[in-house]
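# Fold and geometry: a report
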Amino acid sequence: VQLVESGGGLVQAGGSLRLSCAASGRSFSRFAMGWFRRAPGREREFVAQVTRNGGRTYADSVQGRVTVSRDYDKNTLSLQMNSLKPEDTAVYYCAAGEYDSILEVEDHDYWGQGTHVTVSS
């Protein structure tokens, strides 16, 4: 079972990036899936999710600037990020857990290796 992120890179402030997470090895249709990030010197934090029931929630820090989407047929999760800020610089991780909400996810659940996002000012 794997979660593989892609789409990170270097972008100027105000720019956009689209992150993708490809899940393989099993169906995640009954799982909550989401994105977390860890900035240098900071704790991992929640970014956005699609809940088990298909709802979408966002961290206050990204609300209005990012859109999370999920393709159940392709077993993928995406994160469209617009109006990027230097404080969005972090390693972004895709996660999946058999919970109603990805906020319940734990380290032993499914995590990708991360993709780096750097936003220059």
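This one's a predicted model, so the numbers in the text were calculated from it and none came from an experiment. For every chain, the first residue of the written sequence is number 1, and numbering continues from 1 onward in sequence order. This being a predicted model, a pLDDT of at least 70 is required before a residue's local features are given, and a value of 80 or more before pairs of side-chain atoms are given or counted; all residues contribute to the totals for chains, interfaces and linings. With hydrogens and water set aside, each side-chain value is computed from the structure's full complement of heavy atoms.

## As for the pairing of strand β11 (residues 115–120)
The cut-off we apply is this: Only protein chains enter the calculation, and the probe is 1.4 Å; a residue is then buried if its accessible area is under 20% of its type maximum, exposed if over 50%, and partly exposed in between. Note on conventions: DSSP H or I runs of at least 4 residues are helices, E runs of at least 2 residues are strands, and numbering of each starts at the N terminus. Pairing between strands requires that DSSP locate at least two bridges from one strand to the other.
Here β11 shows a buried face lined by T115, V117 and V119 and an unburied face lined by H116, T118 and S120. Relative to β11, strand β2 (residues 9–12) runs parallel, the two being bridged by four bridges. Looking across to β11, one finds that G9 is bridged to V117. In this sheet, β11 lies alongside strand β9 (residues 90–97) in antiparallel orientation, the contact comprising three bridges.

## Points about empty space enclosed by the protein
To be explicit about the condition: Cavities and pockets are found on a 1 Å grid laid over the protein atoms alone: a cavity is a set of points where a 1.4 Å probe fits but cannot escape, a pocket is an open set with protein on both sides within 12 Å along at least five of seven lines, and a lining residue has an atom within 4 Å of such a point. Grid points are joined across faces, edges and corners, and a volume is the space filled by probe spheres set on the points. We call Asp, Glu, Lys and Arg charged. Ala, Val, Leu, Ile, Met, Phe, Trp, Tyr, Cys and Pro are nonpolar, and the rest, Gly among them, are polar.
One pass over the structure, following the stated rule, counts one cavity of 30 Å³ or more. Along the walls of the largest cavity sit F28, S29, M33, R70, D71, Y72, N75 and T76, which together make up its complete lining. Partitioning the lining of the largest cavity into residue classes produces three nonpolar, three polar and two charged.

## Notes on the environment of G41
Within the secondary structure, G41 sits in the loop between β4 (32–38) and β5 (45–50). Taking the relative accessible area as the measure of exposure, G41 reaches 92% and is therefore exposed.

## Details of the side chain of Q49
Test applied: The term polar contact refers here to a pair of N or O atoms within 3.5 Å; inside protein, the definition further demands a hydrogen-donor-capable atom paired with an acceptor-capable atom, and it admits residues adjacent in sequence only when both atoms are side-chain atoms.
As for its placement among the helices and strands, Q49 is situated in strand β5. Within the local environment of Q49, its side chain forms a polar contact with the side chain of S101, the two groups lying 3.1 Å apart. A polar side-chain atom of Q49 sits 2.7 Å from the main-chain amide nitrogen of I102.

## Digging into the state of the cysteines
Stated precisely, the cut-off is as follows: Here, a disulfide means two cysteine sulfur atoms that sit within 2.5 Å of each other.
Taken as a whole, this structure holds one disulfide when the rule is applied. Disulfide partner of C21: C94, at an S-S distance of 2.1 Å. Note on the C21 and C94 pair: the S-S dihedral is about -75°, so by sign convention the disulfide is left-handed. Taken together, the residues span a long stretch of sequence, with C21 in strand β3 (residues 17–24) and C94 in strand β9 at a distance of 73 residues. Summarising the burial analysis for this pair, C21 and C94 share the class buried.

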